[in-house]
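Chain by chain, the residues run as shown.
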Amino acid sequence: MWHQRWQDRATWEHRKTFLKCSSVSHHTPAKVPTKNQTKLANGETEVHHRPKRGWIWNQFFVLEEHTGPDPQYVGKLHSNSDKGDGSVRYILDGEGAGSIFIIDEVTGDIHATKSLDREKKSHYVLHAQALDRYTEEALEPKSEFIIKVQDINDNAPKFPDGPFVATVPEMSEVGTSVLQVTASDADDPTYGNSARIVYSILQGQPYFSVDPKTGIIRTALADMDREAREHYTVVIQAKDMAGQVGGLSGSTTINITLTDINDNPPKFPQKNYQLYVPESAQVGKPVGKIKANDDDLGINADIKYSIINSEGANTFSISADRDTKEGIISLKKPLNYERKKSYTLHIEGMNTHADPRFSYLGSFKDTATLKITVGDVDEGPVFSIDHYIMDVYENAPRGTEVGAVTARDPDSRNSPVRYFLDSKEDDERYFRIDEITGVIRTTKPLDREDITWHNITVMASEVDNPSLLSHVPVTVQVLDVNDNPPEVAADEEIILCESSRPGQVIQTVTAVDKDDFANGQRFAFALPSQLPVNPNFTLKDNEDSTASIIARRRRFNHLTQELYELPIVVWDGGEPSLSGTSTLTLRVCPCQRHGRIRACQGEAFLSSAGLSTGALIAILLCIIILLAIVVLFITLRRSKKEPLIISEEDIRENVVTYDDEGGGEEDTEAFDIIALRNPAAAEELKFRRDIRPEARQHCGLLRSRRSPSVDLDDVDVQEFIKQRQVDADLDTSVPPYDSLQTYAYEGQGSPTGSISPLDSPGTQSEQDYNFLDEYGPDFQRLAELYGRADSDVSTVCDSNLVQTKSV
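As recorded by an unreviewed UniProt entry, the chain carries the name Cadherin 18 and is attributed to Takifugu rubripes. What the UniProt record of the chain gives under Subcellular location (unreviewed entry) is the line "Cell membrane".

Following this line, the structure appears as structure tokens:
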């Protein structure tokens, strides 16, 4: 069994210990009674079980912040198995084992090697074990124990949320709660008084106090007035150890502001005021200010101003400015110095938000008197009315009077007035005004159908002060006279169906008149009386300002006559009555009936198909473009050229037609047949030129050139051509199709011979090149080459002839 020993008696006395015992039964077989066995009377042996040795655990304690030079002794572990001979070895592991806590393996003493802070870690969990030093067998089971760090007062109270800001209404009662502050202490609150805090006030008396236990700050002085002092600074201290000597302390600051309440009525600085206002002041504009003072703030200082006497309230108004708290005085009616030279206003200022708690102080309002003096100002002329409306008949002669305006000087001097028109208006100058009398006249005849209303501005100024101008608008209405004849309203031509019957109404027409309603809108219709009777149509006046066109005969034919013209005379109802003649055009069409609608065939087709004119045009354009593409494609196909070289597999025949019959001997532009009489060309073209020349052909050509030329002057051209045709037909080396043979005669040439190199390759030279040997080795080599070339050609040609004959 293990025992735990404490480092000092004082520590042992104030701690509670806990005993933890564990026992394990061990059965040892024995034939001979041992000290753990008892021999019974019946010969049996009773075995005595003793409990297994175990740890007696109490919590160890170690003081925090130990600053001694030696490691701090924590406690001692001892097992009953330890006989003091050093055979028991103690082992310690767990939190801080080996680094913070060390154990003596022989004695079991535990020491703390470092200074510990309980606020960082309050306890450590470790495990202890006792082993046989020699066999390493466990003498005691491995068990767990705790080392607690004992607290000391090493942390002062703190206010984590400070400094603080608080408010309290002014004039509050004593004991009104302002704010609660709470300090925290990191020391152990369960041990001693290290974390027991007491609050006290260091600054802020006698206005405020603090509860020592709860930290609630309250008012300590009655009737604190914000207007006298608004801000207070309070310092609160928190001290641990229940405030005892030696305790640690901390402090914080609270800034307390008294909030405003309406405890002050408004006051005018003086009782009488004076204000000068000119009579020219504009209505609705401010003319002055007045202000009542209020020591309160915000809504508690809002003042409502009013004029309480009728004399001033009828002419002036007053309103409060929210920002400046001033009373703004404005003009309600125009002032006239000549009528009234001064006004007296009784103005009252009253708070809008009253506090009933302070009703004992009286009514929260004040009054003042404002005397307004009206100043005399030279004013512009004043017209008799604000807007003139005049009228004049159209076509009136130039200088016709339209009307007159009147203005006067409102001042006591009664200065003469002059009139004129505003130059910015009336660009064409339809009117003029007499500058003395104000009479307005026309400058030209007016046309109501052109302009019905004319708006002009008349200005007036005083003779003594021309800079003062007054304006008045004048509207002139042009009255109508019957000066426009009526016309038949026909926007489109009239459709006349071929199937019309006598007496059938073709169309109902109306009339239009540019004149106004008084001289128009009542029309009469008739056919011209000076013209003979119309055999096709007649006109019926419906006596409702409309007329009906009626057919007089049966059947119309658009092929015979498509258009008819019908003149119609129309009279208006004006004074005097005017008439006008309009000619209508009637188009004859074969019609189809669609209910009440009559339409021509073409229009019916379009309407039934549901296609507009634009759609039909688009369709026609598409068709034209397609036709153009087809024609272009066919033209390109026809104009495609045949290949110049015909394949050997092409077996088509080429037919060439010559339509030139010649024009006689005098026809110099016809085909020159003498070109066929060139003997050299005839011999050369004996072999076909449209196939690749073979060696046989080439040699034959050479031989023919070496042979004497044949004089063909006496040969018949027809026989010559036939002979060449037979040669071409019998030639087996040509392709199996006909080919045009061309024979060109260039003449016999000059006696000196041709300088053209065309004949040189085909003719064997008889030149002896041995003379070149005299010029040296280089020319000797040239002579051998030319001589060898001639001999090679002769040899090859002879061999080919032999082969041809053998075949």
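Caption draft 1: Structural detail: the overall build of the chain. Scanning the chain for helices and strands turns up eight helices and 43 strands. The buried share of the chain, taken over its 807 residues, is 34%. Counting contacts in the chain only where the partners sit at least 6 residues apart, residues at least 24 apart contribute 68% of the total. Carbon together with sulfur atoms contributes 52% to the accessible area of the chain, which is approximately 51100 Å² in total.

Caption draft 2: Molecular detail of the environment of Ser-209. Considering the arrangement of structural elements, one finds Ser-209 in strand E14 (residues 208-210). Accessibility expressed as a relative area gives 31% for Ser-209, which makes it partly exposed. Spatially, the C-alpha atom of Ser-209 lies 9.2 Å from that of Val-234, the residues being 25 residues apart in sequence. In this structure, Ser-209 is in contact with Ile-201, Ile-216, Ile-217, Arg-218 and Ala-220, ignoring residues within four places of it in sequence.

Caption draft 3: Fine view of the UniProt feature "transmembrane region" (unreviewed entry) in the chain. In the numbering adopted here, UniProt assigns the feature "transmembrane region" (unreviewed entry) to residues 615-636. Across residues 615-636, helical content stands at 100% and strand content at 0%; the span's end C-alpha atoms are separated by 32 Å.

Caption draft 4: Just the sheet that holds strand E30 (residues 431-433), in detail. The strand order across the open sheet built from three strands is E27-E31-E30, with neighbouring strands paired in antiparallel fashion. A strand with exactly one partner marks an edge of an open sheet, and here the two such strands are strand E27 (401-404) and E30. The mean inter-strand angle of the sheet, taken between neighbouring strand axes irrespective of direction, is 25°.

Caption draft 5: Expanded view of a nonpolar patch on the surface. Taken together, Ile-619, Leu-620, Ile-623 and Leu-627 make up a surface patch of nonpolar side chains, about 380 Å² in accessible area. With respect to the helices, strands and loops of the structure, Leu-620 is situated in helix H4 (residues 613-638). Among the residues examined, Leu-620 registers a relative accessible area of 53% and is labelled exposed.

Caption draft 6: Quick peek at the pattern of salt bridges. Counting across every chain of the model gives 15 salt bridges. A salt bridge links Asp-109 to Lys-76, with the shortest nitrogen-to-oxygen separation between them at 3.2 Å. Of this pair, Asp-109 sits in strand E8 (residues 109-112) while Lys-76 sits in strand E5 (residues 72-79), placing them 33 residues apart in sequence. The burial state of Asp-109 is the same as that of Lys-76; both residues are buried. One salt bridge in this structure joins Lys-142 and Asp-93, with 3.0 Å as the shortest N-O distance. Of this pair, Lys-142 sits in the loop between strand E9 (123-132) and strand E10 (143-150) while Asp-93 sits in strand E6 (residues 88-94); the two residues are 49 residues apart in sequence, bridging distant segments of the chain. By relative accessible area, Lys-142 is classed as partly exposed at 48%. Through salt bridges with shared partners, a single network forms among Arg-226, Glu-227, Glu-230 and Asp-260.

Caption draft 7: Spotlight on the sheet that holds strand E35 (residues 494-497). The four strands are arranged E35-E41-E40-E37 in an open sheet whose pairing can be described as mixed. What marks the edges here is a single partner per strand, and that holds for E35 and strand E37 (524-526). The sheet shows a mean angle of 35° between the axes of neighbouring strands, taken without regard to direction. Of the strand pairs in this sheet, strand E40 (residues 563-571) and strand E41 (residues 579-589) are connected by nine bridges, and their pairing is antiparallel. Bridging across to E41, Leu-566 finds its partner in Leu-584.

Caption draft 8: Molecular detail of unusual backbone geometry. Following Gly-162, the chain continues into Pro-163 via a peptide bond in cis, with omega recorded as -5°. Within the secondary structure, Pro-163 is located in the loop between E10 and strand E11 (164-169). Look at the link from Gln-205 to Pro-206: it is a cis peptide, with omega at 5°. Positionally, Pro-206 belongs in the loop between strand E13 (198-203) and E14.

Caption draft 9: Fine view of the side chain of Asp-409. Locating Asp-409 in the fold gives a position in the loop between strand E28 (407-408) and strand E29 (417-421). At 2.8 Å, the side chain of Asp-409 forms a polar contact with the backbone nitrogen of Ser-415. Setting aside residues up to four positions removed in sequence, Asp-409 forms contacts with Glu-379, Asn-414, Ser-415, Val-417 and Glu-462.

Caption draft 10: Local environment of the confidence of the model for the chain. In this model, the chain carries an average pLDDT of 76, and 70% of its residues clear a pLDDT of 70 or more. Every residue in residues 601-609 scores below 50 in pLDDT, and together they form seven contacts with partners more than four places removed in sequence or on other chains. Confidence drops under pLDDT 50 across residues 793-807; counting only partners more than four residues distant or on other chains, this segment forms 13 contacts.

Caption draft 11: Structural context of the packing of aromatic side chains. With the rule as written, the count across this model stands at 10 aromatic pairs. Plain terms: the ring middles of Phe-268 and Tyr-305 are 6.4 Å apart, the flat faces sit at 55° to each other, and that makes the pair tilted. Placement of the pair is Phe-268 in the loop between strand E17 (249-259) and strand E18 (272-278) and Tyr-305 in strand E20 (residues 303-307), with a sequence separation of 37 residues. For Tyr-305, a relative accessible area of 5% translates into the label buried.

Caption draft 12: Broad picture of the environment of Glu-562. Along the chain, the position of Glu-562 falls in the loop between strand E39 (546-551) and E40. By relative accessible area, which is 37% here, Glu-562 ends up partly exposed. A sequence separation of 66 residues divides Glu-562 from Leu-496, and the C-alpha atoms of the two residues are 9.2 Å apart. Apart from residues lying up to four places away in sequence, Glu-562 is in contact with Leu-586, Arg-587 and Val-588. Within the structure, the side chain of Glu-562 is placed 2.5 Å from the side chain of Arg-587, a separation counted as a polar contact.

Caption draft 13: Up close: the side chain of Asp-366. One can find Asp-366 in strand E24 (residues 365-375). According to the relative accessible area criterion, Asp-366 is buried, its value standing at 9%.

Caption draft 14: Expanded view of the pairing of E24. Taken together, the seven bridges between E18 and E24 define a ladder with parallel strand orientation. Each bridged residue has a counterpart across the sheet, and for Asn-272 the counterpart in E24 is Thr-369. Relative to E24, strand E23 (residues 342-351) runs antiparallel, the two being bridged by nine bridges. Bridge pairing in E24 places His-346 opposite Thr-369.

Caption draft 15: Region of interest: the environment of Asn-264. Relative to the helices and strands, Asn-264 resides in the loop between E17 and E18. On the basis of relative accessible area, Asn-264 is assigned to the buried category, the value being 17%. Remark: the alpha-carbon pair of Asn-264 and Leu-297, spanning 33 residues in sequence, is separated by 9.9 Å. Aside from chain neighbours lying at most four places away, what touches Asn-264 is Glu-227, Asp-294, Asp-295, Asp-296, Asn-351 and Phe-364.

What counts as what
Residues numbered from 1 in each chain as written. Predicted model: local features only at pLDDT ≥ 70, side-chain atom pairs only at ≥ 80, totals over all residues. Heavy atoms only, no water. UniProt positions renumbered as here; feature names shortened; annotations may be inferred. Helix = DSSP H or I, 4+ residues; strand = E, 2+ residues; numbered from the N terminus. Buried < 20%, exposed > 50% of the residue type's maximum accessible area, 1.4 Å probe, protein only. Contact = heavy atoms within 4.5 Å. Areas by Shrake-Rupley, 256 points an atom, 1.4 Å probe, with all protein chains shown as cover. Pairing = 2+ DSSP bridges. Axes fitted to C-alpha atoms, helices over the stretch in contact; angles between N-to-C directions. Patch = residues over 30% accessible without salt bridge, like charges linked within 9 Å, V, L, I, M, F, W, Y side chains within 5 Å. Salt bridge = Lys/Arg side-chain N within 4 Å of Asp/Glu carboxyl O. Polar contact = N/O pair within 3.5 Å; in protein donor to acceptor, adjacent residues only side chain to side chain. pLDDT = per-residue confidence, 0-100. Phe/Tyr/Trp six-rings, centres within 6.5 Å; stacked < 30°, edge-to-face > 60°.

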